[in-house]
Amino acid sequence: MNWTRAPLYAWAVVAMLFPVALLNYLDRMMVATMRTSIRADIPTIANDADFGFLMALFMWIYALLSPVGGYLADRFNRRWMVILSLFIWSLMTWLTGQAHTFTQIAWTRALMGLSEAFYIPAALALIADFHPGSTRSRAIGIHMCGIYAGQALGGLGGYIADTSSWRNAFYWFGAAGLVYAMFLVFALRDTKVQISPDRAPKETLSIGNSARALLGTSAFLILVIYFTLPGIPGWAIKNWLPTFLAMEFNLKQGPAGL
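This one's a predicted model, so the numbers in the text were calculated from it and none came from an experiment.

**Student:** It is not clear to me how the overall build of the protein chain should be interpreted in this structure. Could you clarify?
**Tutor:** Counting its regular elements, the protein chain contains 12 helices and zero strands. Ordered by position from the N terminus, the helices and strands of the protein chain form the series α-α-α-α-α-α-α-α-α-α-α-α. Principal-axis analysis of the C-alpha atoms gives the protein chain an extent of 65 × 40 × 35 Å. Of all 258 residues assigned to the protein chain, the portion counted as buried reaches 43%. Sequence-distant contacts in the protein chain: of pairs separated by 6 or more residues, those separated by 24 or more amount to 83%. Per element, the accessible surface of the protein chain, about 13,800 Å² overall, is 70% carbon and sulfur.

**Student:** Please clarify how unusual backbone geometry should be interpreted in this entry.
**Tutor:** With the exception of glycine, most residues fall at negative phi, and the peptide bonds are largely trans. One non-glycine residue, Asn250, lies in the positive phi region at around 55 degrees. Positionally, Asn250 belongs in the loop between helix H11 (218-248) and helix H12 (253-257).

**Student:** Before we go on, may I ask you to explain the confidence of the model for the protein chain in this structure?
**Tutor:** If pLDDT is low for a region, its predicted coordinates should not be looked at in detail. Residues with a pLDDT of 70 or more make up 92% of the protein chain, whose mean pLDDT is 90. Per-element confidence in the protein chain ranges from a low mean pLDDT of 84 for helix H10 (residues 207-215) to a high of 97 for helix H9 (residues 166-187). A low-confidence stretch, residues 194-200 stays under pLDDT 50, and its non-local contacts, those more than four residues away or across chains, total two contacts.

**Student:** I keep staring at the side chain of Thr93 and nothing clicks. Help me out?
**Tutor:** Residue placement: Thr93 occurs in helix H4 (residues 78-96). Among the polar contacts made by the side chain of Thr93, one reaches the side chain of Asp27 at a distance of 3.4 Å. Ignoring any residue separated from it by four or fewer positions in sequence, one finds Thr93 in contact with Asp27, Met30, Met112, Phe170 and Gly174.

**Student:** Before we go on, may I ask you to explain the nonpolar core in this structure?
**Tutor:** One broad trend across soluble globular proteins is that nonpolar side chains are buried collectively. If you look at the biggest cluster of nonpolar residues, it comprises 39 residues, and the most contacted ones within it are Val13, Leu17, Val20, Leu86, Tyr119, Leu184 and Leu188. Looking at this core element by element, the count peaks at 12 residues for helix H1 (residues 8-33). Setting aside residues no more than four positions away along its own chain, Leu86 makes contact with Val20, Leu23, Gly177, Tyr180, Ala181 and Leu184. In terms of nonpolar packing, the next biggest core, distinct from the first, is built from 24 residues, Ile42, Leu57, Ile105 and Ala161 among them.

**Student:** Looking at this model, I keep getting lost on the packing of H1 against H4. Mind explaining?
**Tutor:** Packed helices, taken two at a time, are described by the angle between their axes plus the distance between the axes. Relative to each other, H1 and H4 sit at 30 degrees, their axes nearing to 11 Å. One finds that H1 runs roughly parallel with respect to H4. Between H1 and H4 lies a crossing whose hand is left-handed. Counting all contacts with H1, which are made through Leu17, Val20, Leu23, Asn24, Asp27 and Met30, the residues of H4 involved are Val82, Leu86, Trp89 and Thr93. Looking at the contact of H1 with H4 residue by residue, the class counts come to seven nonpolar, two polar and one charged.

Rules used throughout
Residue indices begin from 1 for each chain and proceed along its sequence in written order. A pLDDT threshold of at least 70 governs which residues receive local features in this predicted model, and a stricter bar of 80 or more applies before side-chain atom pairs are shown or counted, although totals over entire chains, interfaces and linings include all residues. The basis for the side-chain values is all heavy atoms of the structure; hydrogens and waters are excluded. Numbering goes from the N terminus for both helices and strands, where a helix is a DSSP run of H or I of at least four residues and a strand is a run of E of at least two. Whether a residue is buried, partly exposed or exposed follows from its accessible area with a 1.4 Å probe, protein chains only, as a fraction of its type maximum: under 20%, in between, or over 50%, in that order. Here, two residues are considered to be in contact whenever any of their heavy atoms come within 4.5 Å of each other. Per-residue and other accessible areas follow the Shrake-Rupley method at a 1.4 Å probe size, with only the shown protein chains counted as cover for residues. Per-residue confidence from the predictor is reported as pLDDT, a score between 0 and 100. Whenever two N or O atoms come within 3.5 Å, that pair is a polar contact, provided that in protein one can donate a hydrogen and the other can accept it, and provided that, for residues adjacent in sequence, both atoms are side-chain atoms. Here, the term nonpolar core denotes a set of buried Ala, Val, Leu, Ile, Met, Phe, Trp, Tyr and Cys residues that are joined through side-chain atoms within 4.5 Å. To get an axis, fit a line to the C-alpha atoms, keeping to the stretch in contact for a helix; angles then go from 0 to 180 degrees between the N-to-C directions. Oblique is the label for every angle not falling under 35 degrees (roughly parallel), over 145 degrees (roughly antiparallel), or within 65 to 115 degrees (roughly perpendicular). Left-handed is the label given to a crossing in which the near helix is rotated counterclockwise from the far helix by less than a right angle, and right-handed is the label when the rotation is clockwise. Here the term charged refers only to Asp, Glu, Lys and Arg, the term nonpolar to Ala, Val, Leu, Ile, Met, Phe, Trp, Tyr, Cys and Pro, and the term polar to all other amino acids, Gly among them.

Pasting the structure below:
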């Protein structure tokens, strides 16, 4: 592999965003891996339907606000969007450990979905800014590894719940995200994409014009369908598979989560 086609700092950006992507998915998946402990500790989560609502609430808000995150990432400083998103969702993760009622944990899940929705659009755009040439797909692919590593490591929450307390999992990983956000304030830089005069945009598209342009592009619609169809069963399985494995095979939360 030729890693020298992009400056060293461009790869440093990928390395710094890898843990952020990992925390993004780890923090959201931990709830699914410690259902038994959370329900035992918060009686106002009366049944599995209530617990499922907590999982769905996060996903609906995340889905609805992701286009807003992309819109803002195109118009504001992407570095600060990454840092603020990490800081706020890590704070919500920490506050989840403080929740004692169904309503309180629902609010933290909703606000976590709101803040996490702003990360991926800004992060991928920032990586693309630093990797405008032949290293772009490779850089984004490495960053995506962090996403799936975070999903897998979400099972650690189940181990912590079994051996200590489910609240500690949210305290520890929330605090880790807050500290890492402070590190990024000093280490992560933004870049200004240089556009040659002959390629400079002639006009700024409105939201409506942008939407019509995208919806009129067949390749875009195919990609939307491609990501939507596996997402429908995929997230249902991810959110409930730890519970199914624990009940079907009499597993503790840690092994079932992993």
